[in-house]
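Listed below, chain by chain, are the residues.
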Amino acid sequence: MEGPYISEKHLGMQRADSLQPPSIGGFDRFNQLAGQNIRLMTLAPEREGALELIRHLCAKGITASAGHTDATFAEVTAAVEAGLSHFTHAYSGMRGFHHRELGVVGALMYHQDTYAEVAKQSGITIKPEAFDLLYRLKRDRRMVLMSDCMGYVDFPEGYEFYHYLRKETFRIKQGQLEIAADSGETQHVCPCDYSSVKQLEMNFLDSVRNIFERLDNGWVSVARIACENPAILAGAQDRKGSLCLGRDADILVLDDDFNLIDVYCRGLRQAQLREV
């Protein structure tokens, strides 16, 4: 769950009218609506009530993560002491590093036992060198590679936002996503057209391909940062994230060029799943 207890200074693609102050009662209501299935909560630790909520999350076995935050180094350190153990999309949507005020970025680098998450590795969101610097500090043990999305699905008709990295304006128009580039080009994407929708963001395997040669241990590193560590953060390491006796046998089969050959879910091949 990413928000709504975040900073207005670092909204990213989130909506300001959805922000709420951190609240144990509010979170419990969200978790009730989610069938008690929330496993990770992203929040801004500097907001009033955040430390109490972090302690509450930890008591329930839910990972508390800092993201969309303008916290100081001291405020993040207090959150770590309260149980915060993760940073959502490191570097992005957070107070940056300065040698006199280390900010959130400095805190995630300084606190060695915290996990640092990076989203798709296209070289646009964060530079390759920034990834390498963080990886040298966290290594396989505390680095987390995640997928990413832009959350178009629940935007109302007429809603729009400007993507400052892609230099494009996104708006919902007659039930479709309209993308207008600063160059003047415009495209329309129907949410039912999978072949177009899947091109809106870099896929996860391409992200792995872009960093593979820079990891310490090749596929072993990939298995840690893209499978095992995310499962740990989700509290699902007893079922997911590794190929061990008793696990769910969720397996991707790839060729030498990182192309997806086959998918197994709980031991069943994708073709078999279609028949079930």
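Being a predicted model, the structure only gives us computed values, none of them experimental. (Residues numbered from 1 in each chain as written. Predicted model: local features only at pLDDT ≥ 70, side-chain atom pairs only at ≥ 80, totals over all residues. Heavy atoms only, no water.)

## Section: the pairing of strand β7 (residues 168-173)
Working note: regular strand, side chains alternate between the two faces of the sheet. As a reminder of what qualifies: Each pair of strands is called paired provided DSSP finds at least two bridges between the two strands. The secondary structure listing takes helices from DSSP runs of H or I that are at least 4 residues long and strands from runs of E that are at least 2 residues long, numbered from the N terminus.
When strand β6 (residues 160-163) meets β7, the two strands line up antiparallel, connected through four bridges. Its bridge partner being in β7, Glu160 is matched across the sheet by Arg171. Following β6, the chain reverses through four residues before pairing antiparallel with β7; Lys167 in that reversal takes a positive phi of roughly 55 degrees. Relative to strand β8 (residues 176-181), β7 runs antiparallel, the two being bridged by six bridges. Of the residues in β8, the one forming a bridge with Ile172 is Leu177. The loop that links β7 with its antiparallel partner β8 comprises two residues; one of these, Gln174, has a positive phi angle of about 55 degrees.

## A closer look at the pattern of salt bridges
Worth spelling out the cut-off: Salt bridges, as used here, are contacts in which a Lys or Arg side-chain nitrogen is within 4 Å of a carboxyl oxygen on Asp or Glu. Whether a residue is buried, partly exposed or exposed follows from its accessible area with a 1.4 Å probe, protein chains only, as a fraction of its type maximum: under 20%, in between, or over 50%, in that order.
All chains considered together, the criterion is met by 17 salt bridges. Across the pair Arg141 and Asp113 runs a salt bridge whose closest N-O atoms are separated by 3.1 Å. Placement of Arg141 in helix α5 (residues 128-142) and of Asp113 in the loop between α4 (103-110) and β4 (115-118) is noted, with a sequence separation of 28 residues between them. The salt bridge partner of Arg171 is Glu178, with a shortest N-O separation of 2.7 Å. Assessed through its relative accessible area of 7%, Glu178 is described here as buried. One connected set of salt bridges, linked through shared partners, spans Glu160, Arg171, Lys173 and Glu178.

## Describing the sheet that holds strand β2 (residues 63-66)
Spatially, β1-β2-β3-β4-β5 is the arrangement adopted by the five strands of the open sheet, whose pairing is parallel. Edge positions in the sheet fall to β1 (40-43) and β5 (143-145), since each of these pairs with one other strand and no more. Relative to strand β3 (residues 86-87), β2 runs parallel, the two being bridged by two bridges. Bridge assignment links Ser65 to a residue of β3, and that residue is His86.

## What about the nonpolar core?
Quick note on the threshold: To define a nonpolar core, start from buried Ala, Val, Leu, Ile, Met, Phe, Trp, Tyr and Cys residues and group those joined through side-chain atoms within 4.5 Å. In what follows, residue pairs with any heavy atoms lying within 4.5 Å of each other are defined as contacts.
The biggest cluster of nonpolar side chains holds 41 residues, and the ones touching the most others in it are Phe27, Leu43, Leu57, Leu108, Val118, Phe131 and Leu134. Element by element, the count of residues in this core is highest for α4, at five residues. Residues in contact with Leu57, not counting those within four places in the same chain, are Phe27, Met41, Leu43, Ile62 and Ala64. In this structure, Phe161, Ile172, Val189 and Leu200 belong to the second largest nonpolar core, which totals eight residues.

None of this, on its own, says anything about what the molecule does.
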